[in-house]
Amino acid sequence: MVGQRFLEAWAEQPAARGRRVTVLAEEPRPAYDRVHLSALFSGSTAEDLTLCPPGFLAEHGIDLRLGDPATAIDRERRLVTTRSGSRVRYDVLVLATGSVPFVPPVPGTDALGCHVYRTIEDVDAIRAQAETARTGVVVGGGLLGLEAAGALRAGGLDTHVVEFAPRLMAVQVDDGGGAALRRKIEELGVTVHTSAGASGVLTGPDGAVRGLALADGRELPADLVVFSAGVRARDQLARDCGLPVGPRGGVVVDAHCRTEDPAILAVGECAQAVDGRVYGLVAPGYQMAETAARTVAAMTAEGPTAEGPTGEGFVGADTSTKLKLLGVDVASFGDPHGTADGALDVLYSDSRSGVYRKLVIGADGALLGGVLVGDTEGYGALRPLAVGGKPLTVAPEQLVLPAGFASAGPVALPDDAVLCSCHNVTQGAVRAAVREQGADSVAAVKKCTRAGTGCGSCLKQLGTVVTEELEAAGVSTAKGLCEHFGHTRAELYEIVRVTGLASFSELLATHGKGGEGCEICKPTVASVLASLGNGHILDGEQGALQDSNDHFLANLQRNGSYSVVPRVPGGEITPEGLITIGEIARDHGLYTKITGGQRIDMFGATVDQLPVIWRKLVDAGFESGHAYGKSLRTVKSCVGETWCRFGVQDSTTLAIELELRYRGLRSPHKLKAAVSGCARECAEAQSKDFGVIATSAGWNLYVGGNGGMTPRHADLLAADLDRETLIRTIDRYLMFYIRTADRLERTSVWLERLEGGLDHLRAVVLDDSLGIAAELDELMERHIVGYRDEWAETLADPDRMRRFASFVNAPGTPDPAVTFVPERGQIRPARPGEAGHTLDSPVLVAGARLEVLTP
């Protein structure tokens, strides 16, 4: 990561023009985001993590040699020898070799089943073995160790964490924060062993792992052991060529990242900075990379023995962190341990809810640091103040109390406060981007300054600053849905709910700004109307508001045909149902596929075939699976206690009940759910918008997950619920989301944006803190009572049926000038008078209302 940032910073230097750069890399792929490595356990791919933009290397003349690392440096002749035997000359050499995982020097660490957690290949190996393992042990309770534990736990393994220190995350949090973190993690089913060291890996006759021996004599059974007990600077190349290294490792560099040899620099985790520290975080590494790029630019201009730049170098960095570990929010900033003379602590601790907040205040009243566990609200504003040693403008006691930060009003930040520590971007730089460079959105500011493009923890504060600056300049910051409505989607929902307006035109006339609407407001209002049960989705004016999928109650495919997905609640289907689907696919020449949501999708139907297919499905007892709408898709399920020897509850029955309860529920975005019958999590409930996991005492409810392009693990909303409480809580959660979310906003994004976050959501749906629980219950009951299958209702209405007939696709003999492309073995059904045959002729694709004329 740091090497890639150096290349980007070097490419921005005028001195880079015409210069050749060779990169020697050990791994088999370009630089990738190691910070988010755990995303690979929840559906992301290696390509999702790449940091090297397409075309970047070619554009800047960079020769990237993968899988061929440097093995020796000849400083006298300025030659680097690689593993393949190649020799590469250099004028300036930059070491960005990073670090290696530390594996305790105990017997058995080379056994089959022992892993480290550092690279994509490590993740692949852990994930492959976790499929057959039952118990996993992670040695190390730091950031990466807890991430690894979360991955094993999500994979259904009984998971243990062994930490030598007396608390988890000993570097980042204090004893109180460590205790709160431990309680939250143990509530999720992870067993934590602190003040415990590994004395050896136990193996069986086959040489595979069977357990871990602890220094106190205990033995933990295990099929898989992951070592994540810290890292060591990878400085062997420097040692071998005689460069000085620090007493605890790391190539010694000056403020400009130069080693003792003026032609060699070092950056990132392999370097010891001038303050004697080796930084293991990405933000300091990026700052070193940028410093090194400026140094190399000066050396290139003046020669490799030049003194280099005289400006500000790298003398130290902010080590603040904010992250989510096993669903628990954790942050530390500034001096979290209060090491300064006269430092005082102001803290709040609630072990019942798992919230711990501590601020460290200096003798002069300045904020020095803090620790936040379970509730990280305010981190974006507090961290810059602590790093800059700035005084607070409100009483610190108010900031640590529940909801205190929200009620305390804005915390003023000076312009020299660093908002984005990853790229060292100050608030002043962000404000200047808005004022002087015309950046009128967070996206524009990110492009101008790189702020918010690192870990992302500053995005909320970044948005606040951008809005403040725009409003100060008299620029209206539109919060409305679009040019036709000055209201947000949530406000429009309330207007429709209270007034009972039943059409888009009425809403536009009474609460809009005129015009005819657009592609933003029309489907949004259609969704709101559908959420409140105001008529069939294709009736009258509503039909004209829908997007392409809702127009025909089926999914439009790339070749102009449609797919049909009947609902199969819980994935449970009768042999007769399977036969019906098979006959339909055969008779209409459809390609069939079992989806990840436990349904059967039939591809390749034309518009005129849709009603015919629906009729056969409806007659067989099927209904619409709503694969085309922003609504509930499926409630995935494992087989639960009925069949599985690990199951503790009947997950299939519950999944069917939930899917039938919420079927057809229109929402701002699609909804996916799952029910797992035990902690092994075969239904992957923690990657869903709402997920339920069985416990021996009831059901745990997780919310806000998303396995899409921006994967997010769901948060535990409530534990050990009985069935009645579980369903009532899901009812309120869904209706509160539908009521308050923005257009096309997934529950994951909504929950991150929701003021007060998970605690506020929990208060609303469990404790009725807003006094709207009865309304939410009534809205859900209205949906359940008013549900009608859209396919069956369309078939029963001649007016709606007219939508499915067009010139080309009119009922009767098909137009001989139109053919459809067979896809993946799809067979075109025989026309009247023909024997069946497979179509392999040239392509003429026709969709709805498409007329094709041939010579």
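Look above for the structure.
Residues numbered from 1 in each chain as written. Predicted model: local features only at pLDDT ≥ 70, side-chain atom pairs only at ≥ 80, totals over all residues. Heavy atoms only, no water.

Draft legend 1. View of the overall build of the protein chain. If you tally the helices and strands in the protein chain, you get 27 helices and 35 strands. Counting over 855 residues, the protein chain shows a buried share of 52%. Look at the contacts in the protein chain between residues 6 or more apart in sequence, and 61% of them connect residues 24 or more apart. When the accessible area of the protein chain is evaluated, it comes to approximately 37300 Å², of which 52% is carbon and sulfur surface. (Helix = DSSP H or I, 4+ residues; strand = E, 2+ residues; numbered from the N terminus. Buried < 20%, exposed > 50% of the residue type's maximum accessible area, 1.4 Å probe, protein only. Contact = heavy atoms within 4.5 Å. Areas by Shrake-Rupley, 256 points an atom, 1.4 Å probe, with all protein chains shown as cover.)

Draft legend 2. Spotlight on the sheet that holds strand 23 (residues 355–361). Pairing within the open sheet is antiparallel, and its five strands lie in the order 20-21-24-23-22. Looking at strand neighbours, the two that pair on one side only are strand 20 (321–325) and strand 22 (344–350), the edges of this open sheet. Across the sheet, the mean angle separating the axes of adjacent strands is 10° when strand polarity is ignored. Sheet topology places strand 20 next to strand 21 (residues 328–334); five bridges connect them, and they run antiparallel. Each bridged residue has a counterpart across the sheet, and for Thr321 the counterpart in strand 21 is Ser332. Here helix 5 (residues 175–187) sits on the sheet and contacts strand 21, strand 23 and strand 24 (367–373); the angle it forms with strand 24, its principal contact strand, is near 20°. (Pairing = 2+ DSSP bridges. Axes fitted to C-alpha atoms, helices over the stretch in contact; angles between N-to-C directions.)

Draft legend 3. Spatial organisation of the sheet that holds strand 13 (residues 209–214). Across the sheet, three strands lie side by side as 12-13-14; this open sheet has antiparallel pairing. A single partner strand is all that each edge strand has here, and the edge strands are strand 12 (198–203) and strand 14 (219–221). The mean angle between the axes of side-by-side strands here comes to 25°, regardless of whether they run parallel or antiparallel. Note that strand 12 and strand 13 share five bridges and pair antiparallel. Each residue of the ladder has a partner; that of Ala198, found in strand 13, is Leu214.

Draft legend 4. Looking closely at helix 4 (residues 143–154). In a regular helix each residue adds 1.5 Å, so 12 residues correspond to 16 Å; helix 4 covers 17 Å between its end C-alpha atoms and thus fits that length. The element helix 4 is largely enclosed, with a buried count of nine among its 12 residues. Those residues of helix 4 not exposed but buried are Gly145, Leu146, Glu147, Ala148, Ala149, Gly150, Ala151, Leu152 and Arg153. Gly156 lies just past helix 4 and shows a positive phi near 90°. (Expected span 1.5 Å × (residues − 1).)

Draft legend 5. Region of interest: the packing of helix 14 (residues 489–499) against helix 22 (residues 723–740). The contact between helix 14 and helix 22 brings their axes to 7 Å, and the two run at 105°. With respect to helix 22, the element helix 14 is oriented roughly perpendicular. Between helix 14 and helix 22, the residues in contact are Arg489, Ala490, Tyr493, Glu494 and Arg497 and Met735, Ile738, Arg739 and Thr740, respectively. (Parallel < 35°, antiparallel > 145°, perpendicular 65-115°, else oblique.)

Draft legend 6. How the structure looks around unusual backbone geometry. In this structure, Met169 is a non-glycine residue whose phi angle is positive, near 45°. The topology assignment puts Met169 in the loop between strand 10 (158–162) and helix 5. Phi at Cys257 is positive, roughly 70°, even though this residue is not glycine. Relative to the helices and strands, Cys257 resides in the loop between strand 17 (251–252) and strand 18 (264–266).

Draft legend 7. Representation of the environment of Ala526 in the model. Examined against the element boundaries, Ala526 turns out to sit in helix 16 (residues 521–531). On a C-alpha basis, the gap between Ala526 and Arg666 in space is 9.5 Å, while along the polypeptide they are 140 residues apart.

Draft legend 8. Up close: the packing of helix 21 (residues 651–662) against helix 22. Helix 22 packs onto helix 21 with a crossing angle of 35° between their chain directions and a minimal axis gap of 12 Å. When the axes of helix 21 and helix 22 are compared, the crossing they make is right-handed. Contact residues: Leu654, Glu657, Leu658, Arg661 and Tyr662 in helix 21; Arg723, Leu726, Ile727, Ile730, Asp731 and Leu734 in helix 22. Class assignment of the residues belonging to the contact of helix 21 with helix 22 gives a composition of seven nonpolar, no polar and four charged. (Left-handed = near helix turned anticlockwise from the far one by under 90°. Nonpolar A, V, L, I, M, F, W, Y, C, P; charged D, E, K, R; others polar.)

Draft legend 9. Summary view of the packing of aromatic side chains. Applying the stated criterion across every chain yields a total of 10 aromatic pairs. With centroids separated by 5.8 Å and ring planes inclined at 45°, the aromatic side chains of Tyr591 and Phe603 adopt a geometry described as tilted. With Tyr591 in strand 29 (residues 591–594) and Phe603 in strand 30 (residues 600–605), the pair connects residues that are 12 residues apart, well separated along the chain. Ring centres 5.9 Å apart and planes at 85° place the aromatic pair Tyr662 and Phe690 in the edge-to-face group. (Phe/Tyr/Trp six-rings, centres within 6.5 Å; stacked < 30°, edge-to-face > 60°.)

Draft legend 10. Here's a closer look at the pattern of salt bridges. Evaluated as defined, the whole model comprises 40 salt bridges. In this structure, Arg782 and Glu778 form a salt bridge, with 3.6 Å as the shortest nitrogen-oxygen distance. Taken together, the positions of Arg782 and Glu778, both in helix 25 (residues 773–786) and four residues apart, correspond to about one turn of that helix. What makes Arg782 partly exposed here is its relative accessible area of 37%. Each of the salt bridges in this network shares a partner with another, and the network as a whole consists of Arg5, Glu8, Glu290 and Arg450. (Salt bridge = Lys/Arg side-chain N within 4 Å of Asp/Glu carboxyl O.)

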